[in-house]
Amino acid sequence: MAKDEAVVAEYGAAPSGLWSRIVKKLEVEGNTGHSNRDLDPVPPEQRVWNWWNYISYWISDNFTPSGWRKAASLMAIGMSWKVALINVAISEVLIAAVITINGYVGAKYHISFTVQSRASFGYYFSILMISMRMIVGTFWYGISTYTGAECIRSMIYAMSPSFRNVPNALPKSANIDTQFMISYFVYFVSILPLHYVPIHRIRFLFTLKAIVTPIIGFGIMGWTIANASVGEQSLWSQGNTVHGSELAWVFMNGVYANMGGWATLAVNAPDFTRYAISPKHTYTMAIALPLTATLITFFGVVGAAGSKVLFGKILWDPLLFIDNWTSPGGRAAAFFCALGFYLAQACANISANSISAANDLNAMFPRFVNIRRGQFIIAFVGAWALTPWNILTSASAFLSFMSGYSVWLAPLCGIMVSDFYFVHGQKYDVWELYNKHGIYRYNKWGTNWRSFVAFFLGWVPLFPGFLPTVNKSVSLPVGWKHLYYLGYFYGFGAAALSYWVLCYFWPAKQTMLERGVYPDDELLVARDVEEEGGSLGDSSEKKSA
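Residues numbered from 1 in each chain as written. Predicted model: local features only at pLDDT ≥ 70, side-chain atom pairs only at ≥ 80, totals over all residues. Heavy atoms only, no water.

Student: Now, about the pattern of salt bridges: what can you tell me, with residues and values included?
Tutor: What the rule picks out here adds up to seven salt bridges. Arg-133 is the partner of Asp-271 in a salt bridge, and the nearest nitrogen-oxygen pair spans 3.3 Å. Of this pair, Asp-271 sits in helix H14 (residues 270-273) while Arg-133 sits in helix H8 (residues 125-159), placing them 138 residues apart in sequence. Assessed through its relative accessible area of 0%, Arg-133 is described here as buried. The closest approach of N and O atoms between Asp-360 and Arg-133, which form a salt bridge, is 2.2 Å. Taken together, the positions of Asp-360 in helix H17 (residues 328-364) and Arg-133 in helix H8 put the pair 227 residues apart, joining distant regions of the chain. Relative accessible area serves as the criterion here: at 0%, Asp-360 is assigned to the buried category. A cluster of three or more residues bridged by salt bridges with shared partners is formed by Lys-24, Glu-27 and Arg-367. (Salt bridge = Lys/Arg side-chain N within 4 Å of Asp/Glu carboxyl O. Helix = DSSP H or I, 4+ residues; strand = E, 2+ residues; numbered from the N terminus. Buried < 20%, exposed > 50% of the residue type's maximum accessible area, 1.4 Å probe, protein only.)

Structure follows, in structure tokens:
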């Protein structure tokens, strides 16, 4: 089917005149109505990510101010720094396994999460799952932009100490002052060009950050130890403040919170693994994630312990730490440290938030949105429409809600893993995933009822325990809270198991294949070089091409 015929069949004859020309201009190049080049399986020439790129990716995501502060929340609920480190290590090992396992789908079929989800949820029901993930990514983009602005502010402090005295011209109700608004704007404008870079090329930015940020981390830690003798300080020697069974449940709460922090990336791992040279190159993620997360957490503990001696107060935020370096040499060091953290935050915001949410928009509106356009949309909505400074100032309940979003994301991930490995035995027909009338439609509503039931079984029992985190007036028996602390394990496991049981007794036979159908590489290459570009057409056309 030719491209124009496919579009007419889907949308009807295009109206003539000015409106039709405007619509034509808004369409992304190479779209077929149901897909576009960014949504298609990744062509061979863009499968360039190797094992080192995935290591640098996780260094990029972990070596951030947020990673530095990770032990603070764990020690605040009763753990010693040693137990907090063990908690982080265990949490990251477990979630790294989930990410690596789910990411294998993308590396094998070169498809994104948005396409993968159609196999288990159905062509149209998957849109709801995609929307949930997009909302999370958009909000976290705004919140991460706020952290990036803190990096810019520290850089300006270092360059020009008088910036600390800039008078505030904004009202108190704005929840942001003039200094920070300037920093926020500078950060936002500076990061915009990075959204223009294609995903398969941005890996070089992760490599740069993977070299720079560990040097900064070791440098701050070394300077702190040399100047503060932190070994004798109270924070360093502080033990657990809770004991027995209470400590056990606090520990589980920490595991759940840390795993939940990566719940979005566990779902959308195929968005990056689809660019792998081969699946084996993605296995390094299972080691890189827990190793780098534990290391940066240790840096944070050392910095916090040393700050008590050096500055008279415990500073968990590395940016607040370096803001205290006010001598000429200290300000030079503070500038380069803040620059490194700026690079870290920019990379993490792109990899964890903007690209993921842009992929979701791309799947929902493939005729008009590709990944590049999607990233710019997410940037403006997340950074400005959502006003993260108001969220961080006054909406602690909302932040608790966002942190607990894994109540829904864990079952989503569990169903997809169960579907790929246990229900379909790693065998998908990749072209049927792009066919809205194909085997993964399941019924006239485009919904796989099995995943619908399993999804609810995964999150509904956790919901009561989730409520007190956003509304402190809600009181529940301790058992509900304990179940919530097991949230990721229960949500993932219950949804995965119930989905497999439902598919075992009521299988969707049309989706059970003797062998997987992989992307036709020659067809994709041909499509990219043709000026007019033929439609991918339906599944039968692709497999017979």
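Student: Account for the packing of aromatic side chains, naming residues and giving values.
Tutor: Taken as a whole, this structure holds 54 aromatic pairs when the rule is applied. Taking the centre distance of 6.1 Å and the plane angle of 70 degrees together, the rings of Trp-49 and Phe-206 count as edge-to-face. Of the two residues, Trp-49 is situated in the loop between helix H2 (18-26) and helix H3 (51-62) and Phe-206 in helix H10 (residues 203-228); the sequence distance between them amounts to 157 residues. Judged by its relative accessible area of 0%, Trp-49 falls in the buried class. In this structure Phe-206 comes out as buried when scored by relative accessible area, which is 0%. Considering the side-chain rings of Tyr-109 and Tyr-428, the 5.9 Å spacing of their centres and the 40 degrees angle between planes classify their relative orientation as tilted. Placement of Tyr-109 in helix H6 (residues 81-109) and of Tyr-428 in the loop between helix H21 (406-423) and helix H22 (449-459) is noted, with a sequence separation of 319 residues between them. (Phe/Tyr/Trp six-rings, centres within 6.5 Å; stacked < 30°, edge-to-face > 60°.)

Student: Please provide a residue-by-residue account of the nonpolar core, values included.
Tutor: Ranked by size, the top nonpolar core spans 150 residues in total, and within it Ile-99 and Tyr-488 carry the most contacts. If you tally residues by element for this core, the top one is H17, at 17 residues. Setting aside its immediate chain neighbours within four residues, Tyr-488 contacts Ile-95, Val-98, Tyr-256, Met-259, Ala-263, Ala-266, Ser-406, Ala-410, Cys-413 and Gly-493. (Core = buried A, V, L, I, M, F, W, Y, C linked by side-chain atoms within 4.5 Å. Contact = heavy atoms within 4.5 Å.)

Student: Requested: an account of H6, with residues and values cited.
Tutor: Along an α-helix, residues three or four apart share an orientation, since each turn contains 3.6 residues. Taking 1.5 Å per residue as the helical rise, H6 with its 29 residues ought to reach 42 Å, and the 42 Å between its terminal C-alpha atoms agrees with that figure. Of all the bends in H6, the greatest measures close to 25 degrees and is centred on Gly-103. In terms of burial, H6 is largely enclosed, as 21 of its 29 residues are buried. Positive phi appears at His-110, one or two residues downstream of H6, with a value of about 60 degrees. (Expected span 1.5 Å × (residues − 1). Bend = angle between axes of the 7 residues up to and from the residue.)

Student: Before we move on, could you go through a nonpolar patch on the surface and cite the residues and values that matter?
Tutor: A cluster of nonpolar side chains, namely Phe-422, Trp-449, Phe-452, Val-453, Phe-456, Leu-457, Val-460, Leu-497, Trp-500, Tyr-504, Phe-505 and Trp-506, defines an oily patch on the protein surface of about 1200 Å² accessible area. Every element with two or more residues in the nonpolar patch is listed here: H22 and helix H25 (487-505). When residues in the nonpolar patch are grouped by element, the largest group, five residues, is from H22. Structurally, the position occupied by Leu-497 is in helix H25. (Patch = residues over 30% accessible without salt bridge, like charges linked within 9 Å, V, L, I, M, F, W, Y side chains within 5 Å. Areas by Shrake-Rupley, 256 points an atom, 1.4 Å probe, with all protein chains shown as cover.)

Student: Please set out the packing of helix H12 (residues 244-261) against helix H24 (residues 478-485) residue by residue, giving values where relevant.
Tutor: The geometry of H12 relative to H24 is characterised by a closest axis approach of 8 Å and an angle of 45 degrees between their N-to-C directions. With respect to H24, the axis of H12 lies oblique. Facing H12, whose interface residues are Trp-249, Met-252, Asn-253 and Tyr-256, H24 presents His-482, Tyr-484 and Tyr-485. Here the contact of H12 with H24 is built from residues that sort into five nonpolar, two polar and no charged. (Axes fitted to C-alpha atoms, helices over the stretch in contact; angles between N-to-C directions. Parallel < 35°, antiparallel > 145°, perpendicular 65-115°, else oblique. Nonpolar A, V, L, I, M, F, W, Y, C, P; charged D, E, K, R; others polar.)

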